[in-house]
Amino acid sequence: MSTSNRLPALFLAGLLAAPLASAYTLEEFQFDDARQAEEFRDLIDELRCLVCQNESLAGSQAELAQDLREEVYRMMKEGQPRDEVVEFLVARYGDFVLYDPPLKLSTYPLWFGPLLLAGIGGFVLLRALRKKKHTVEKDLSDEERKRLQELLADADQEDKA
Amino acid sequence: MGKSLKFLIPLAIFMVLAALLFYGLGTDPRKVPSPLVGKPAPQFNLPALNDPSRSVSDADFKGKISLVNVWASWCVSCRAEHAQLMRLARELKEVQILGLNWKDEAADAIRMLRMSGNPYLVSAYDPDNKVGIHWGVYGAPETFLVDSAGIICYKKIGPVGPDTWETELAPTVDLTTKTCKESS
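As a convention, each chain's residues are numbered from 1 in the sequence order in which they are written. Following the order in which they are written, the chains are lettered starting with A and the ligands numbered starting with 1. Only residues with pLDDT of at least 70 are given local features in this predicted model, and only at 80 or more are side-chain atom pairs given and counted; all residues enter the totals for whole chains, interfaces and linings.

Caption draft 1: Seen up close, the overall build of chain B. Only runs of H or I of at least four residues qualify as helices and only runs of E of at least two qualify as strands under DSSP, and these elements are numbered from the N terminus. Tallying secondary structure elements over chain B gives four helices and nine strands in all. Listed N to C, the secondary structure of chain B is α-β-β-β-α-β-α-β-β-β-α-β-β in terms of helices and strands. Two things to know: the radius of gyration comes from C-alpha atoms, and the globule rule equals 2.2 Å times the number of residues to the power 0.38. Taking 2.2 N^0.38 as the reference for a compact globule, 184 residues should give roughly 16 Å; the C-alpha atoms of chain B span a radius of gyration of 21 Å, well beyond that estimate. In terms of its C-alpha atoms, chain B occupies a principal-axis envelope of roughly 80 × 35 × 30 Å. In chain B, buried positions account for 33% of the 184 residues. C-beta atoms are placed from the backbone for every residue, and two residues are taken to be in contact when these atoms lie within 7 Å. Residue pairs at least 24 apart in sequence account for 72% of intrachain contacts in chain B once pairs closer than 6 positions are excluded. Around each residue's C-beta, the other C-beta atoms within 10 Å are counted; 20 or more make the residue buried, 12 or fewer make it exposed, and counts in between make it partly exposed. All C-beta atoms are placed from the backbone.

What follows is the structure, given as structure tokens:
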């Protein structure tokens, strides 16, 4: 069999294997009850993977994410409260691991920047609108009126022609 | 401001935005600042890579300035920085270079050192990221500068280049007192 014949088969095999690759999910993590499992899932959903930066710990296939999932799992099994698990990770990896960053001096621009910008935009918009309302449209002068009539008349003529 | 110049305001805003975005192009989002800088290095105790009966721990920091280099044989950038570490090991008499062999196979790691040289005084062996997590390691290579009291002065993310020691690492430590400089 030549390589070109094998390609579709390989492709198919890849497609079939894809769900397996992402099936690490929570199979390997055993919990005492449904509540604990859900708490675990919630938590890893809110923590950010440092390798694939736009993925949560729950969604990332990176090896580091797996290490951190295991660490979070271990801590939760030991009965550590959620806050402590989060604190543990923040102390080592920084606020970056949080999808919901805390409100503090260094994150003020993050939290209030958009509000500030929207405020400035709104202010400018309001001012522009108000100004528009106040400018009275000047009436046409006699001369302009006459010219207008002429133009309209011309246009009429052209339409009929 | 004269009314005649008002039309320049949008242009000015655009220029500021463009400057910000241009600055953003030059920054690397993969470099996440470590909260550990300025804090004591996390305690650890691991077997040495080439001799499991010997242990490597934070006690090794005592009295010396240390570079703790996180590396692995599978890590391509680590190979790229290897020559620089060899040079630093030769030239910097006042600094000891310790390795943290991270998520690696001992045999592969030892082979790599045998083939291309060993810049480390000793490498700690951390195959399953037991200690790496506590150091906030999220990729290799990473290099920590630790002072004689065990305080982390600086964390270099990514490969050490020809001028990394001079421009990034050295300015954060006082070589005579062997302590971190206060960051200004």
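Caption draft 2: Quick peek at the interface of chain A and chain B. Taken residue by residue, the interface counts twelve residues in chain A and 13 residues in chain B. Contributions of two or more residues to the side of chain A that touches chain B are made by α3 (63–77) and α4 (82–93) of chain A. With four residues, α3(A) is the single largest residue contributor to the side of chain A that touches chain B. Looking at side-chain class alone, the side of chain A that touches chain B contains six nonpolar, two polar and four charged residues. In this classification, the charged set is Asp, Glu, Lys and Arg, the nonpolar set is Ala, Val, Leu, Ile, Met, Phe, Trp, Tyr, Cys and Pro, and all remaining amino acids, among them Gly, are polar.

Caption draft 3: Quick look at helix α5 (residues 108–134) of chain A. An expected span of 1.5 Å times one less than the residue number is assigned to each helix. Over its 27 residues, α5(A) extends 38 Å from the first C-alpha to the last, a length consistent with the 39 Å expected when each residue adds 1.5 Å. α5(A) sits mainly on the outside: zero of its 27 residues count as buried.

Caption draft 4: Region of interest: the sheet that holds strand β4 (residues 95–102) of chain B. Residues and elements named next belong to chain B. Between any two strands, at least two bridges found by DSSP are needed for them to pair. Read from one edge to the other, the open sheet built from five strands follows the order β5-β4-β3-β6-β7, with strand pairing classed as mixed. The open sheet has two free edges, formed respectively by β5 (122–126) and β7 (152–157), since each of these has just one partner strand. Strand-to-strand twist in this sheet, taken as the mean axis angle between neighbours without regard to direction, amounts to 20°. What counts as an axis is a line fitted to C-alpha atoms, over the stretch in contact for a helix, and the angles between N-to-C directions run from 0 to 180 degrees.

Caption draft 5: Region of the structure containing the pairing of β7(B). With respect to burial, β7(B) is a largely interior element, five of its six residues being buried. Here strand β6 (residues 142–146) of chain B folds back onto β7(B), and the loop between the two strands holds five residues, one of which, Gly150(B), carries a positive phi near 85°.

Geometric descriptors of this kind do not, in isolation, establish any biological role.
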